[in-house]
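Breakdown of the fold
Letter by letter, the chains look like this.
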Amino acid sequence: MIQKMTIATSLAPGKEIDIQREAVSSWKKIGFTVISVNCEEEITILKPHFPTIEFVRVFKDARKQYGKPYVYFDDIMTVLLKQDCKVCGIVNSDIQLVKAELYSLLLKEAVGSLIYGSRMDVEKLTSTRGEVVQEGFDYFFLISRLLQLTPHLHFVLVCHVGIIGQY
């Protein structure tokens, strides 16, 4: 039996929906369960474009600080705590995961580790070379029981840009 792994993201309305749909599709194809954490207005806009995704509503966001309803990292961690999975991840909504063996690799390597990294921009998904974007991190994977030990980070997830900034 394959253990469930959940990816949480915060899909961004009006921001290249097709690219985000391809990204989410790549995660589901590998076997991940996918949830998106958003405010109510965004869920209303996004749900028709992502009918197979579970949306979780947040009741606070970083609109006052940044002018956009960015989701707090701590809220995503709280949502992931409620998932029944051994390993969980937070992935920026436009990141495609293309290697089928990634699922089993993460199940093995996330034990006792925090796996994180930046995007690599490529011209096409079959490319093995590209430019690594150094500003910010685009994915995090860890065993879910470590979520309880994570201190409040006071960060927001800036969707579709790949930067996590402190509030």
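A brief report on the enclosed structure follows. Bear in mind that the values here come from a model prediction, so they are computed numbers and not experimental data.

Definitions and limits used
- Numbering of residues starts from 1 in every chain and runs along the sequence as written.
- Predicted model: local features are reported for residues with pLDDT of at least 70 only, side-chain atom pairs are reported and counted for 80 or more only, and whole-chain, interface and lining totals are derived from all residues.
- With hydrogens and water excluded, all non-hydrogen atoms of the structure serve as input to the side-chain values.
- By the criteria applied, helices consist of DSSP H or I runs no shorter than four residues and strands consist of E runs no shorter than two, each listed in order from the N terminus.
- For every residue, the accessible area (1.4 Å probe, protein chains only) is compared with the maximum for its type, and the residue is labelled buried under 20%, exposed over 50%, or partly exposed between those bounds.
- Only the protein chains shown count as covering a residue, and every accessible area follows the Shrake-Rupley method with a 1.4 Å probe.
- Two strands are counted as paired when DSSP detects at least two bridges linking them.
- Inter-axis angles, ranging from 0 to 180 degrees, are taken between N-to-C directions of lines fitted to C-alpha atoms, where helices are fitted over the stretch in contact.
- We call two residues in contact whenever any of their non-hydrogen atoms come within 4.5 Å of each other.
- Each nonpolar core is a collection of buried residues, namely Ala, Val, Leu, Ile, Met, Phe, Trp, Tyr and Cys, held together in the definition by side-chain atoms within 4.5 Å.
- Patch definition: residues with relative accessible area over 30% and no salt bridge; like charges joined within 9 Å; nonpolar side chains (Val, Leu, Ile, Met, Phe, Trp, Tyr) joined within 5 Å.
- When a carboxyl oxygen of Asp or Glu is within 4 Å of a side-chain nitrogen of Lys or Arg, the pair counts as a salt bridge.
- Ring pairs are drawn from Phe, Tyr and Trp, using the six-membered ring of Trp, whenever the two centres fall within 6.5 Å, and their geometry is named by plane angle: stacked under 30 degrees, edge-to-face over 60, tilted for the rest.

**Thoughts on the overall build of the protein chain**
Looking only at helices and strands, the protein chain has 5 helices and 11 strands in total. The 167 residues of the protein chain split such that 47% are buried. Carbon and sulfur atoms provide 55% of the accessible area of the protein chain, an area that totals close to 9500 Å².

**Considerations on helix 4 (residues 73–81)**
Of all 9 residues that make up helix 4, 7 are buried, and the element is covered over most of its length. Regarding helix 4, the residues found buried are Phe73, Asp74, Asp75, Ile76, Met77, Val79 and Leu80.

**Thoughts on the sheet that holds strand 5 (residues 87–91)**
Sheet architecture is open: 6 strands sit in the order 3-2-1-5-9-6, paired in mixed fashion. Unpaired on one side and paired on the other, strand 3 (54–57) and strand 6 (114–117) mark the two borders of the sheet. Here the average twist between neighbouring strands, direction ignored, is 20 degrees. Note: strand 1 (residues 5–9) against strand 2 (residues 33–38), 4 bridges, orientation parallel. By the bridge assignment, Ile7 is partnered in strand 2 with Val34. Set on the sheet, helix 1 (residues 17–30) makes contact with strand 1, strand 2 and strand 5; between it and strand 2 the angle comes to about 145 degrees. Its contacts with the sheet place helix 4 against strand 1, strand 2, strand 3, strand 5 and strand 9 (139–143), and it is angled at close to 150 degrees to strand 5.

**Quick word on the nonpolar core**
Judged by nonpolar contacts, the single largest core of 26 residues is most densely connected at Trp27, Phe32, Phe50, Leu97 and Phe141. Of all the elements in the fold, those that place two or more residues in this core are strand 1, helix 1, helix 2 (40–46), strand 5, helix 5 (102–109) and strand 9. Per element, the largest residue contribution to this core is 5 residues, and it comes from helix 1. Ignoring any residue separated from it by four or fewer positions in sequence, one finds Phe32 in contact with Met5, Ile7, Trp27, Leu97, Tyr103, Leu106 and Phe141.

**Quick look at a nonpolar patch on the surface**
Where nonpolar side chains cluster on the molecular surface, the patch consists of Leu114, Tyr116 and Phe137 and spans about 310 Å² of accessible area. With respect to the helices and strands, Tyr116 occurs in strand 6. On the basis of relative accessibility, which here comes to 45%, the residue Tyr116 falls in the partly exposed class.

**Details of the packing of aromatic side chains**
A ring pair, where both rings are aromatic, is described by two values, the distance of the centres and the angle of the planes. In the structure shown here, the tally under the stated rule is 5 aromatic pairs. By way of ring pairs, the aromatic residues Phe32, Tyr103, Tyr139 and Phe141 are connected into one cluster.

**A closer look at the pairing of strand 1**
With 5 of 5 residues buried, strand 1 lies mostly within the body of the structure. Burial along strand 1 is two-sided: the residues Met5, Ile7 and Thr9 and Thr6 and Ala8 are all buried. One ladder, built from 4 bridges, connects strand 1 with strand 5; its direction is parallel. Looking at strand 5, one finds that Ile7 is bridged to Gly89.

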